[in-house]
Structure formats: structure tokens, C-alpha cells
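Letter by letter, the chains look like this.
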Amino acid sequence: MTRIAFIGLGNMGGGMAANQAKAQRQVMAFDLSKAALEKAEGAGCSPAPSVAEAVKAADAVITMLPAGPHVRNVYAEQILPNAPKSALLIDCSTIDVESARAVAAQAKAAGFRFADAPVSGGVAAAEAGTLAFMVGCDDADFAAVEEALKPMSRVILRAGDHGAGQAAKICNNMVLGISMIGVCEALALAEKLGLDPVKFHEISSQSSGQCWSLTSYCPWPGPVPAAPSNRDYEGGFATAMMLKDLKLAQEAAAKAGAAAPLGAQAEGLYALFDGLGYGGKDFSAILNLFRGELT
Ligand code: NAD
């Protein structure tokens, strides 16, 4: 039986680890949160007392942690000194490209195979096992990475070498952040012009304004029943998370000497919305900022 060590059992990692257990893999799980660990145990994982214990006999180690500093620390201090060299190491967190490359270099120098494999799709996709993975790894390791990620995935794409998965993720989310703001501005304008926003959704979804933010994740309640707009913007992808990803994109752009002015505008607008106290709401709730309807 494949032995998976799963570190980080939060909103995303909890569902992902459960899907590994459902696929009849032996999952040794660890999180600093006792509640998260108990939930994972209820989903068929074996709770470990520490990262060191979780990884010591693993075939693959999967991490799903908040941000770059957590990933750097957990790999350097706990995973690399304790996992068997044969273990395949996969970080699924969304972090900066530089940290991903630094951890990959450390892991490689210590004799491990490593992949950065951030995901697209939120908590619902993590629970359903339908995430999209963007992978940065050595070409020779990709088949093994695919096999390890399979129970959690809808699609697994190799973006390139180490760090390329994170680069794909932040570029994708910059498109998403910008497109959502564009859709929200247009819906708010439609309303002010006396055009029914639901009718606008129908028309633009079949015209050149069509995009994922409008057609699959409509911020106006009604047209897309599964969208968070129908649940008072609860669940989904939090504004604070979108802000984090837009900041990563701007940092990366500054380091690479790339201009990303619309990404900067989107970051500013999400920072404003977050500062008004809406960090926990789905990112599509920014519609109400443009409507002047903040409650
Ligand atoms: P979360 O805060 O719910 O979960 C992170 C977990 O890591 C927590 O349970 C925390 O206790 C644990 N943790 C922190 N430090 C640890 C350590 N040293 N050892 C063990 N456990 C530790 O966050 P999340 O929503 O699950 O997101 C995780 C990652 O996935 C983030 O990088 C996020 O950007 C990315 N992501 C999230 C979503 C989403 O919709 N929530 C979507 C795509 C990607």
C-alpha cells in the first residue's frame, strides 16, 4: 500500500488528505491544529504526533501549508532531516516562486525528488477530488508526481522545471483577479444604466465579454446557482487569499522586471476591500464595492 505523509490539514489539505485515504492509501497526517487532525482521523487518516513521525516511512510527502515561510521552515527543519531519501516530496501550497525554487534546490541537494504543485479549484474541488494541479518538476519525475496526485485531481499539467508550477498559479490568479473586477464593474454599470444584470449576464456570456468570472462564477446572485454570490459570498475563494496571490504576482513582476499594471490595480482594490473587513468573503463579493452597497 502506498504510504502518504500529509502535512497541513486546513480548508484545502483536509479534503485532499481524505481523498488519499479514500483511494486506499495509508495516510499519516499532521497539523498543528488538534481539531484539523481529529477531522482527518475521522476521514480515514492516521494522526501523527509530529512532522518527523509522519514522514519517516513515507513513499510520498504532500504539504498544503499557508505561505512561503511555513514551507521553507517545515522542509528545512522537519521533512528533509527525517524522510527517507526515496520519498517523493510535493508541495501543493501557493507560495512565491523564489521559495519554491529554494526548497527544491535544498531537497535536490539532500538527494530527494521534489515538485511544486499548486492547485486551482477551491475547498469544494479539494473535497470532491477535482483539483487542477500545475506542476514544476524534473521531467523524469512527472509520472511519479501524477500517480501521487491522482486521487485529488481532475487534471494534472506539467508547467516546466522547479518553480514553474507556482509561476503558472500566480499568473492564472492574476488573470482571475483582474477579470473578476472587470465583470463586477460591468454588472454595476449595467444596473446603473437600467439594464437587468441577469439579462446582461445572459447576453455577455454569449458575446465577446464571455469569461470564467462571468459565465461560471457570476458575482451577481441568480444566473450561476453554484456560485458563492448565492450564499451571501460565504465559502469559495476568500478575498484575503486572492489578495495574497495578487501580492505574490506583483513581487514576482518586480523581481523579473515585468510590468503588470492591471494586476497592481486589482491588488489595490482587493487590499481596500480586505481593509474594509471583507477578507473572509468570497472574492466575487467585491461587486458590492462597485455598487456602493456594502453592508
Ligand atoms: P488553511 O489555513 O485552512 O490551512 C493551512 C493549515 O496548515 C492549517 O490547518 C495550519 O494549522 C497548518 N499548518 C501551519 N503551519 C504548520 C506546520 N508548521 N506544521 C503543520 N501544519 C501547519 O489554508 P488553506 O485554505 O487550506 O490553504 C492552504 C494553501 O492552499 C495556501 O497556500 C492557499 O493559498 C492555497 N489555496 C487555497 C485555496 C482555497 O480556496 N482555500 C485554493 C487554492 C489554493
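For the structure itself, look to the data block above.
Residues numbered from 1 in each chain as written. Predicted model: local features only at pLDDT ≥ 70, side-chain atom pairs only at ≥ 80, totals over all residues. Heavy atoms only, no water.

Caption draft 1: Here's a closer look at the site of the ligand. Near the ligand you find 23 residues, and of these Asn11, Met12, Asp31, Pro66 and Lys244 are the closest. Note that an oxygen atom of the ligand is positioned 3.0 Å from one of the backbone N or O atoms of Thr94. Within the side chain of Lys244, an N or O atom sits 2.8 Å from an oxygen atom of the ligand. Considered on its own, the ligand offers 840 Å² of accessible surface; in the complex 86% of this is hidden by protein. At the level of secondary structure, the elements contributing two or more residues to the shell around the ligand comprise helix H1 (11–22), helix H4 (68–82) and helix H11 (239–256). Grouping the constituent residues of the shell around the ligand by class yields 11 nonpolar, 9 polar and 3 charged. If you count residues domain by domain, the shell around the ligand takes at least three from each of domain 1 (3–161) and domain 2 (167–291). (Near = heavy atom within 4 Å. Polar contact = N/O pair within 3.5 Å; in protein donor to acceptor, adjacent residues only side chain to side chain. Areas by Shrake-Rupley, 256 points an atom, 1.4 Å probe, with all protein chains shown as cover. Helix = DSSP H or I, 4+ residues; strand = E, 2+ residues; numbered from the N terminus. Nonpolar A, V, L, I, M, F, W, Y, C, P; charged D, E, K, R; others polar. Domains from an automatic or database assignment.)

Caption draft 2: Geometry of the pattern of salt bridges. Taken as a whole, this structure holds 14 salt bridges when the rule is applied. With its nearest N and O atoms 2.9 Å apart, the salt bridge here joins Asp138 to Lys108. Here Asp138 is found in the loop between strand E8 (131–136) and helix H7 (142–149), whereas its partner Lys108 is found in helix H5 (residues 97–109), with 30 residues between them in sequence. Residue Lys199 is joined to Glu202 by a salt bridge in which the shortest nitrogen-to-oxygen separation is 3.0 Å. Separated by 3 residues within a single helix, Lys199 and Glu202 lie in helix H9 (residues 197–204), roughly one turn from each other. Among the residues examined, Lys199 registers a relative accessible area of 39% and is labelled partly exposed. Judged by its relative accessible area of 40%, Glu202 is partly exposed. (Salt bridge = Lys/Arg side-chain N within 4 Å of Asp/Glu carboxyl O. Buried < 20%, exposed > 50% of the residue type's maximum accessible area, 1.4 Å probe, protein only.)

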